[in-house]
Amino acid sequence: MGKLQPGIVRSERYRVLNDIEERVNDLQLAYCGSEQCAPGHRFGPNRRECFVLHVVRSGEGRLLLNGEEFTLGEGFAFVLRAHQEAWYEADHERPWNYFWVGFSGVDAETCVRKAGFPKERPFRPVGCTEKLGEYLDEMLDAHQLNFWSSLRRNANLMLFFSELIQDYTSTQSLRQSCSYSSSSYVRYVKDYIDRYYEKKLRIGAIAEYIGVNRSYLSNSFRRETGVSPQEYLMGIRIRRAQTLLRESGLMIAEIAQQVGYPDALAFSRIFRQRVGLSPSAYRRSGPRPRL
């Protein structure tokens, strides 16, 4: 009998998978869990001994990683690598509901990269949250400290990553095959800025996320709106600040924080440039704050 050819062999009577020589991934579950976070729940800064991947079912929160802050909401997943310092915090009004898996092994880095979490940008939206949650529940159900439970937990960890990698691969294929209009990109960016204007936003990061060149995005945005994305962001912030100055009794430094300017002096300078008055003068020129 000759050597069997690798791959699947089918007939009316049988199916056979031959000569699968690829080694099994070295990936081990360390822990897992799920939580409805309390408002403002914060973890870190610290360094983990293993990789940890979080998947957000609902709500919002902030992740500080490599000196940058990101706002991540429903449907996003993020990875913290072993020995990487980071902290994250659930939103005070819409706190995260998320689940997580901690894992290690010589193939851990390969798995997270193939699943779409490079070191430079270890977070992305995922389209398989429900299925991942099912695998997580299977891991939690296999809680007995025996050999078969260990096999079951790690089998579901493998399925978990198989689903993530397949999700990422299909997403990349879709991005490459579809061509969206510039108006679609501009509409997305406007909606994003309108919602997160108080956060530390970088136009380059937004462009990277939606998969377009920053120059292309800026040119499309200016053509559609008459202003650059940065100017649009500044306009949203200043208009919100004007409302707060007229209708609230907040200190100017507090208003600066609420509209995305940690530095009150920088806020005052930009406000004067845009409005022609300092924040204090603008407040005095209008109706008294409602108490």
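No experiment lies behind these values; they were computed from the predicted model shown.

### Quick word on the overall build of the chain
Turning to step 1, where the next piece is worked out: From N to C terminus, the chain includes 10 helices and 11 strands.
Turning to step 2, where the next piece is worked out: Considering the chain as a whole, with its 291 residues, one finds that 41% of them fall into the buried category.
Turning to step 3, where the next piece is worked out: Considering only residue pairs separated by 6 or more positions, the chain has 71% of its internal contacts joining residues 24 or more positions apart.

### Focus on the packing of aromatic side chains
Turning to step 1, where the next piece is worked out: Under the defined criterion, the tally for this structure stands at 17 aromatic pairs.
Turning to step 2, where the next piece is worked out: For the pair Tyr88 and Trp96, a centre-to-centre distance of 6.2 Å together with 55 degrees between the ring planes defines the contact as tilted.
Turning to step 3, where the next piece is worked out: Taking the relative accessible area as the measure of exposure, Tyr88 reaches 3% and is therefore buried.
Turning to step 4, where the next piece is worked out: On the basis of relative accessibility, which here comes to 0%, the residue Trp96 falls in the buried class.
Turning to step 5, where the next piece is worked out: With 4.9 Å between their ring centres and 55 degrees between their planes, Tyr192 and Tyr196 make a pair best called tilted. Of this pair, Tyr192 and Tyr196 are both found in helix α4 (residues 182-196), four residues apart, which corresponds to roughly one turn of the helix.
Turning to step 6, where the next piece is worked out: For Tyr196, a relative accessible area of 9% corresponds to the buried category.

### Side note on α4
Turning to step 1, where the next piece is worked out: Compared with the 21 Å implied by 1.5 Å per residue over 15 residues, the 21 Å span of α4 between its first and last C-alpha is a close match.
Turning to step 2, where the next piece is worked out: Here α4 has its buried residues at Ser182, Tyr185, Val186, Val189, Ile193 and Tyr196. Taken end-on, α4 shows its buried residues confined to a sector of 120 degrees, consistent with a single buried face.
Turning to step 3, where the next piece is worked out: On its buried side, α4 packs onto β6 (60-65), β7 (68-73), α5 (203-210), α6 (214-225) and α7 (229-247).

### A short note on the pattern of salt bridges
Turning to step 1, where the next piece is worked out: Scanning all chains against the criterion turns up 14 salt bridges.
Turning to step 2, where the next piece is worked out: With a shortest N-O distance of 3.9 Å, Arg47 and Glu85 are connected by a salt bridge. Of this pair, Arg47 sits in strand β4 (residues 42-47) while Glu85 sits in strand β9 (residues 85-90), placing them 38 residues apart in sequence.
Turning to step 3, where the next piece is worked out: For Glu85, a relative accessible area of 44% translates into the label partly exposed.
Turning to step 4, where the next piece is worked out: Taking the shortest distance from any N to any O, the salt bridge between Arg113 and Glu120 comes out at 3.6 Å.
Turning to step 5, where the next piece is worked out: According to the relative accessible area criterion, Arg113 is partly exposed, its value standing at 38%.
Turning to step 6, where the next piece is worked out: Among the residues examined, Glu120 registers a relative accessible area of 63% and is labelled exposed.
Turning to step 7, where the next piece is worked out: Salt bridges linked by common partners bring Arg81, Glu109, Arg113 and Glu120 together as one network.

### Here's the deal with the sheet that holds strand β11 (residues 123-125)
Turning to step 1, where the next piece is worked out: Across the sheet, which stays open at both edges, the five strands sit in the order β3-β10-β5-β8-β11 with antiparallel pairing between neighbours. Where the open sheet ends on each side, the last strands, each with one partner, are β3 (28-36) and β11. Strand-to-strand twist across the sheet, computed as the mean angle between neighbouring axes with direction ignored, equals 15 degrees.
Turning to step 2, where the next piece is worked out: Taken together, the four bridges between strand β5 (residues 51-58) and strand β8 (residues 76-80) define a ladder with antiparallel strand orientation. Bridge pairing links Leu53 to Val79 in β8.

Cut-offs and rules
Residues numbered from 1 in each chain as written. Predicted model: local features only at pLDDT ≥ 70, side-chain atom pairs only at ≥ 80, totals over all residues. Heavy atoms only, no water. Helix = DSSP H or I, 4+ residues; strand = E, 2+ residues; numbered from the N terminus. Buried < 20%, exposed > 50% of the residue type's maximum accessible area, 1.4 Å probe, protein only. Contact = heavy atoms within 4.5 Å. Phe/Tyr/Trp six-rings, centres within 6.5 Å; stacked < 30°, edge-to-face > 60°. Expected span 1.5 Å × (residues − 1). Arc of directions from axis to C-beta. Salt bridge = Lys/Arg side-chain N within 4 Å of Asp/Glu carboxyl O. Pairing = 2+ DSSP bridges. Axes fitted to C-alpha atoms, helices over the stretch in contact; angles between N-to-C directions.

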